[in-house]
Amino acid sequence: MNLKTSTALSLARFFANRKSLFHLLKFYEWWLKRKFSEPTLPQTSYQLTIKTVRELYSHSRPVIWSSLFFPCEFIHAIGAIPFYPEITIGLVAALGFSNIPLESAEKNWYSQDLCSYHRAGVGMSLLKLFPRPDCLVATTSICRGTAGFFRSLADIWKIPCFLIDVPYQTTPEANNYVKNQLSSITSHISSQLNCQFRWEDAFSLSNSTVKTIQQIEALRKQKNFAIQPPTKNLDYLPYYFQFLGSPVSKLFFEKFLFHLQKLEKSPTKFHRLVWLHLKPFYPNQLTALLNEYHFDVVYDEFASVFWKPLEPEKPFESLTNKIISSQNLTVPEKRIDRVLHWCDQFQADGVIQFNQWGCRQSQGMNFLLKNTLQQKGYPVLLLDGDHIDKKFYSEEQLRTRIEAFHEMLEG
Amino acid sequence: MVFVGLDIGSQSTCAIIINDKEIVAHALMPSGVNPKQIGKETLHLVLEKANLSRSDVQFLIATGYGRYQAEADEQVSEITCQARGVQELIPEARMVLDIGGQDSKIILLGKNGRVIDFMMNDKCAAGTGRFLELMTQVLSIQLEDYGPLVTQSRELIELSNTCAIFAESELVSLIAQGKKKEDLARAVCHSVVKRVLTLAGKISITRPLVFTGGVAKNQGIITILKRELSFAPLVPPNPLITAALGAAYIAREKSLS
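Residues numbered from 1 in each chain as written. Chains lettered and ligands numbered in written order. Predicted model: local features only at pLDDT ≥ 70, side-chain atom pairs only at ≥ 80, totals over all residues.

- Chain A is annotated in an unreviewed UniProt entry as (R)-phenyllactyl-CoA dehydratase alpha subunit from Atribacter laminatus.
- Quoted verbatim from the Sequence similarities (unreviewed entry) field of UniProt, the annotation for chain A is "Belongs to the FldB/FldC dehydratase alpha/beta subunit family." (UniProt positions renumbered as here; feature names shortened; annotations may be inferred.)

Okay, structure coming up:
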């Protein structure tokens, strides 16, 4: 690490640990609101990000870190601020400095073969650049590596980690097993943070937001319009995971629906794609290439609503259902059935999966996935790379594959 | 009027001129480090051979890694061009195995040379022509020596490393152990074949299989490929020109449509 990077890191760490400084962001938020009285969708997203950064780093409420498929309604119900390191590391990559936490983790014996979301999350924690958590909650769904990742985080931050072990089966015994764990961590967290869980508001906001998402899905079935502009994970990911069950997510999706309703059907012929897994977060040419070759992502796997409406009178049953149903992403026959259903519903012309280096959950079933989809007439392109670590990115190789896939679809 | 296919690859650049009946001329040059310049030079050379000028060219399609550097009417990926070129030379082909200087590809063909599926190697040079070239330096041999050396080999040595750089270190260790040059040359060819057949296995190997690219001229690789496949791959008379040929035919189709 050179002197310049080292000084920048020290400064960043100094500021990250000065809670009062982040209160000053309120003035910036006020100025943004004044300047953009009718903000566009990206501007809304930007303002929400600034507000979240202020809340997290000023520690205005307890901060609970969570794994991606732990239902955030749980965290909103206790009035804490959810923080999803796997999403935020995407922001770090988008800002172009994921190499710093990755190097930090590697220097501390975290192997390059580990998922880069986890490696970089550990690195940001070792560097103490992420907002300090009060406690950690995680599930083993959909990735078993999450257990090790969160145990490492607990060790770094010296705080408790509540881990829910999720079975692959969807039997009544499996439901009870998860429900009992949820009930147990609820009482632990409640006493630790000295807060009460209020399910009504969080569940009601989540359910009504899901209704808006379903309206968006209905429109995406008809129109050539992806969750963009541009097709970036960060434009939607936090609102499906981190903020669902809060007014933030509801506001975002209502704006998005409004934006989509106004759009005219494009006269250009697009190839409609179902996108599996996520896309690289670091600055790259993927979106530009998809646009250049007239691909339109009409459905994203990680933007799917896979759970039943949440019932405040049965909080643990509802959240258990949400947690267990997320496992469908890891069970080959269930995942493939769902992909086929989306292909049919969204009139897809093909499917692309961007494989994440070291991700067993998505890649383990590649053979089955590709064969089944191809037999049903859906061409599949599997792109190998990494979403966070730019070392695995080659623009020319990506272009050739996208271009050839386009030519293949054109026949 | 004529149609041109220009393939700017990592190792060699090829230009082919066709008219509405046949191949008029072709030219092949080493690529060097300036794809734009070499594209121009190869085009100039092929036009000179055919006694034509640039204005006689009705449509030019560029392919290969340097395709966006060329002054072409359109660019088409090397996958589609390979498929089209092979279909023109060997219409019954159902799979193309192309090993070039910088990458290797497997293309599954449908009717009329249509690409049904394809796979490409990852970022590592192992399994490409570049790997074979690098190993000649370690073994102090020429590229054309692989063929005779492989046939002389009596001991099967497997290179355990799939990375080109680590494989080189492994080869150095094997030399230090006193292993014979012919067995090491076979080990190198074997590792390339193993790598590309794993790639082909992802799609499932389909006959008739056509072998193209610069490496298809390497007799060592062909010998091992035959052994591993248990059948002989079909190799066009000039396996280096198939992508450019495909590009020329696509140029003609585009021009006439």
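**Side note on the overall build of chain B**
Working step 1: The secondary structure content of chain B amounts to eight helices and nine strands.
Working step 2: Here the C-alpha radius of gyration of chain B, 19 Å, is about what a compact globule of 257 residues would show, namely 18 Å.
Working step 3: For the C-alpha atoms alone, the extent of chain B along its principal axes is close to 60 × 35 × 30 Å.
Working step 4: The proportion of buried residues among the 257 residues of chain B is 51%. (Helix = DSSP H or I, 4+ residues; strand = E, 2+ residues; numbered from the N terminus. Rg over C-alpha atoms; globule rule 2.2 N^0.38 Å. Buried ≥ 20, exposed ≤ 12 C-beta atoms within 10 Å, placed from the backbone.)

**Some thoughts on helix H8 (residues 116-126) of chain A**
All names here are of chain A.
Working step 1: Across the 11 residues that make up H8, a large majority, 10, are buried.
Working step 2: The set of residues buried in H8 consists of Ser116, Tyr117, His118, Arg119, Ala120, Gly121, Val122, Gly123, Met124 and Ser125.
Working step 3: Where H8 is buried, its residues contact helix H6 (85-94), helix H7 (99-107) and helix H9 (145-157).
Working step 4: In the segment just after H8, Lys128 is the residue with positive phi, at about 55°. (Contact = placed C-beta atoms within 7 Å.)

**What to know about the domain arrangement of chain A**
Bring the parts together and some accessible area is lost; that lost area is often taken as the interface size.
Residue and element names in this part refer to chain A.
Working step 1: Domain annotation for chain A reports domain 1 (16-193) and domain 2 (199-410).
Working step 2: Centre-to-centre, using C-alpha coordinates, domain 1 lies 21 Å away from domain 2.
Working step 3: Counting residues at the interface gives 43 residues for domain 1, matched by 45 residues for domain 2.
Working step 4: Of all elements in the fold, only helix H4 (41-58), helix H5 (72-77), H6, H8 and helix H10 (172-193) reach the threshold of two or more residues within the side of domain 1 that touches domain 2. (Domains from an automatic or database assignment.)

**Points about the interface of chain B and chain A**
Working step 1: With 12 residues of chain B in contact, the opposing surface of chain A contributes 11 residues.
Working step 2: Where the side of chain B that touches chain A is concerned, the elements lending two or more residues are helix H2 (78-89) and strand E8 (115-120) of chain B.
Working step 3: Its residues placed into classes, the side of chain B that touches chain A shows six nonpolar, two polar and four charged. (Nonpolar A, V, L, I, M, F, W, Y, C, P; charged D, E, K, R; others polar.)

**Quick notes on unusual backbone geometry**
Working step 1: Cis geometry is adopted by the peptide bond preceding Ile142 of chain A, which originates at Ser141 of chain A and carries an omega value of 0°.
Working step 2: Residue placement: Ile142 of chain A occurs in the loop between strand E3 (135-139) and H9.
Working step 3: Arg207 of chain B connects to Pro208 of chain B through a cis peptide bond whose omega is -10°.
Working step 4: Considering the arrangement of structural elements, one finds Pro208 of chain B in the loop between helix H6 (181-201) and strand E9 (209-212).
Working step 5: Phi is positive for Ser204 of chain B, which is not a glycine, with a value near 95°.
Working step 6: The exposed category is assigned to Ser204 of chain B, around which 11 C-beta atoms lie within 10 Å.

**Overview of the sheet that holds strand E8 (residues 380-385) of chain A**
All names here are of chain A.
Working step 1: Spatially, E6-E5-E7-E8 is the arrangement adopted by the four strands of the open sheet, whose pairing is parallel. Each edge of the sheet is formed by a strand with only one pairing partner; in this case those strands are strand E6 (295-300) and E8. Taken pair by pair, the neighbouring strands of this sheet meet at an average axis angle of 30°, ignoring direction.
Working step 2: Sheet contacts for helix H16 (residues 332-345): strand E5 (271-276), E6 and strand E7 (350-356); angle to E5, the most-contacted strand, approximately 155°.
Working step 3: Strands E5, E7 and E8 of the sheet are contacted by helix H19 (residues 395-410), whose axis makes an angle of about 180° with E8. (Pairing = 2+ DSSP bridges. Axes fitted to C-alpha atoms, helices over the stretch in contact; angles between N-to-C directions.)

**Things to note about the packing of H2 of chain B against helix H8 (residues 242-256) of chain B**
Geometrically, a packed helix pair is captured by the angle between its two axes and the distance between the axes.
All names here are of chain B.
Working step 1: At their nearest, the axes of H2 and H8 sit 6 Å apart, and the two run at 90° to each other. Of the possible angle classes, the one that applies to H2 and H8 is roughly perpendicular. Contacts from Glu78, Cys81, Gln82, Ala83, Arg84, Gly85, Val86, Glu88 and Leu89 in H2 reach Thr242, Ala243, Leu245, Gly246, Ala247, Tyr249 and Ile250 in H8.
Working step 2: A breakdown of the residues in the contact of H2 with H8 according to their chemical character gives nine nonpolar, four polar and three charged. (Parallel < 35°, antiparallel > 145°, perpendicular 65-115°, else oblique.)

**Some points on the packing of helix H3 (residues 129-139) of chain B against H6 of chain B**
All names here are of chain B.
Working step 1: H6 packs onto H3 with a crossing angle of 165° between their chain directions and a minimal axis gap of 11 Å. The angle between H3 and H6 places the two elements in the roughly antiparallel class. When you trace H3 past H6, the crossing you get is right-handed. On H6, the residues touching Phe131, Leu132, Met135 and Leu139 of H3 are Lys181, Leu184, Ala185, Val188 and Val192.
Working step 2: Looking at the contact of H3 with H6 residue by residue, the classes come out as eight nonpolar, no polar and one charged. (Left-handed = near helix turned anticlockwise from the far one by under 90°.)

**A short note on the pairing of strand E7 (residues 104-109) of chain B**
All names here are of chain B.
Working step 1: Burial analysis of E7 places five of its six residues in the buried class, the great majority of the element.
Working step 2: As paired elements, strand E6 (residues 95-99) and E7 share five bridges and run antiparallel to each other. What sits directly across from Val96, in E7, is Ile107.
Working step 3: Connecting E6 to the antiparallel partner E7 that follows it, the hairpin turn spans four residues.
Working step 4: Bridging between E7 and E8 involves five bridges; their strand directions are antiparallel. Residue Ile106 lies in a different strand from E8, and its bridge partner there is Met119.
Working step 5: Once E7 ends, the chain turns through five residues before running back antiparallel as E8, passing Asn112 with a positive phi of about 55°.

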